[in-house]
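# Analysis of the macromolecular model
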Amino acid sequence: MPVFEYRSYLPFPREDVFDWYSRPGALVRLHPPFVSRVVSEPSNGLQDGSESTLGINLPGLLGTSLTAGAGLVSAQTHLPLRTWMKWDARHSEYVPGEGFSDDIVSGPISEWHHEREFTDDGEGTRLTERVHYELPLVSRAPAALASIADSRFEAEMRRLFEYRERQTTEELAFHQALGTLASSESRPSVRVAAVSGASGMIGKHVCAILGRAGIEVRPMVRSSGTDSRTSTDSSGRRTIPWDPKAQTLEPAHLEDVDVVIHLVSHPLAARFTAAHKRKVRASRVDGTDLIARTLARLEASDHRGRALVNGSAVGFYGATPHDRAHHQEILTEDLPVSTDFLADVCRQWEKATAPARDAGVRVSMIRTGIVQTPAGGVLQQMLPLFALGLGGPLGSEQWQSWISIDDIASMIVHAALTPTVEGPLNGTAPTPCGPRSTPKSLPRCCADPLPCRCQASAPSFSSDAKARAKSPWPISGPVRITCSVRDSASGIRPWALRSVTSSAADPPQVRGAVKLAALCRVCAKTPPRGRNGFLR
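Quick summary incoming for the structure in this document. (Residues numbered from 1 in each chain as written. Predicted model: local features only at pLDDT ≥ 70, side-chain atom pairs only at ≥ 80, totals over all residues. Heavy atoms only, no water.)

### Some remarks on the nonpolar core
Residues Leu210, Ile261 and Ile408 are the most contacted members of the largest nonpolar core, which totals 32 residues. Residue assignment for this core shows that the elements contributing at least two residues are helix 4 (143–178), strand 9 (192–196), helix 5 (203–212), strand 13 (259–262), strand 14 (307–313) and helix 10 (405–417). (Core = buried A, V, L, I, M, F, W, Y, C linked by side-chain atoms within 4.5 Å. Buried < 20%, exposed > 50% of the residue type's maximum accessible area, 1.4 Å probe, protein only. Helix = DSSP H or I, 4+ residues; strand = E, 2+ residues; numbered from the N terminus.)

What follows is the structure, given as structure tokens:
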């Protein structure tokens, strides 16, 4: 049976590394979105007999694009399309602080035994992983074909494990900065967090990071309006029932909650009809108002020192310069709201937090940009087109204020756990890119895309007044929305986004390089480099 081995060095004590692997949310944070999805996390942590389920994509760009396309069609038609294969695994050989293994119970591969061994290496940890595997039908194939199959499989494995090594290192560094590692002397005061939209594209990563921080996560789930009893979800987490449409939320369910993270909202991706606009507005404003008023009543009675991290969007600044009362190109949080529909929605969305803020609740609003992940959003919609060589520019003048899925999730958690962070925050990388950056960058992250190049007739997504009624996502106009996460006490940026390697004042080729690096990150492909270290 072939054996694949991968060794990685993690510059953190073994106690912290193993504890991080043991906490809830590890599988979500470790598993790359281009490979699969986490259907269910381990039922009993790393203990022997604990079981988990993954949904594995077909290998390579074809599988990622096929899954992305199916996700897009499902979102638009509500048809349960599934292109992934179920993988059930069971943990074994658990030794606290030293290692654990998992074996395949059922799935697309004949044999799989994955061993992990944690050992001290100076001041850090050496993680040695060995996978004993057997591919289906390969044992019956000629030796030459079997060797080719094993070689291609191990190349995919190396891509996956390199992603996991990078993800683990950056995640541990983030938790070290927050003081949430096992060895941290001072820890955040937050112990319980309620999260709406916990199963969404961003919410599931926010919950996973909170779980890695040792914080109890309670998802807020929609109830029938008559049933207000708490229950547990499939992961064993206590849930909080609420109904924003009926305006029902029991204050007792939030009484011992330290922070509420409100992310749920109706998707923008549809024709902007009158009915769709009503849903977009109501889903954001009504739910926020209900949570803010409930927190205000609780805070007025016990002065617990709660916090509310609420969603918002860069649509606050308007889709075009004509919608703004100023002529600023660099948009920061202190600028006034614009005048178009989405800006007005964001204005009401943020205004709905006022009851909580007035009662002494610390409030942060995250004005989110274009989130980059093949698991959803804009990139999911574009990936199948670019895989076929049919991708086109996003408009003609629009700047794209983007952010990676890891950064936006980390930013939300940072705002939730840091007592001095409050007010509106631009959830974007400080390196926005022009409309042709993605068409140039994304194909380089697609391994062996088809040679067809149909840019002249390719789809072009615009945010002008005529197209906004049809556009699946509104894009902020020709401006640069910079991320300026500030500590309200010191006025400095207390942490760095992972996507940041240059500033908005850098030349276009540098900004494009940053965007390419971020896209390569979510596709787990090494960015190509040219002369002087710049990406080609």
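### Thoughts on a positive patch on the surface
Side chains of Arg222, Lys245, Arg278 and Lys279 sit close together on the surface and give a patch of like positive charge. Considering the arrangement of structural elements, one finds Arg278 in helix 6 (residues 274–302). (Patch = residues over 30% accessible without salt bridge, like charges linked within 9 Å, V, L, I, M, F, W, Y side chains within 5 Å. Areas by Shrake-Rupley, 256 points an atom, 1.4 Å probe, with all protein chains shown as cover. Salt bridge = Lys/Arg side-chain N within 4 Å of Asp/Glu carboxyl O. Lys, Arg positive; Asp, Glu negative; His and termini not counted. Charge placed at Lys NZ, Arg CZ, Asp CG, Glu CD.)

### Comments concerning the environment of Gly236
With respect to the helices, strands and loops of the structure, Gly236 is situated in the loop between strand 11 (231–232) and strand 12 (238–242). With 193 residues separating them along the chain, Gly236 and Ser43 place their C-alpha atoms 8.3 Å apart.

### Considerations on the pattern of salt bridges
Inspection of the entire model under this criterion finds 20 salt bridges. Note that Asp120 and Arg14 form a salt bridge whose closest N and O atoms lie 3.0 Å from each other. Of this pair, Asp120 sits in strand 7 (residues 111–121) while Arg14 is found in helix 1 (residues 14–22), placing the two residues 106 residues apart along the sequence. On the basis of relative accessibility, which here comes to 26%, the residue Arg14 falls in the partly exposed class. For Asp102, the salt bridge goes to Arg116, with nearest N and O atoms at 2.7 Å. Taken together, the residues span a long stretch of sequence, with Asp102 in strand 6 (residues 99–106) and Arg116 in strand 7 at a distance of 14 residues. This pair shows no difference in class: Asp102 is buried, exactly as Arg116 is.

### Quick look at the packing of aromatic side chains
The tally for this structure, following the rule as stated, stands at 13 aromatic pairs. On the numbers, 4.7 Å between centres and 45 degrees between planes, the contact of Tyr133 with Phe153 is tilted. Here Tyr133 is found in strand 8 (residues 124–134), whereas its partner Phe153 is found in helix 4, with 20 residues between them in sequence. Connected via pairs of aromatic rings, a cluster forms that spans Phe18, Trp20, Tyr21, Tyr94, Phe100 and Phe118. (Phe/Tyr/Trp six-rings, centres within 6.5 Å; stacked < 30°, edge-to-face > 60°.)

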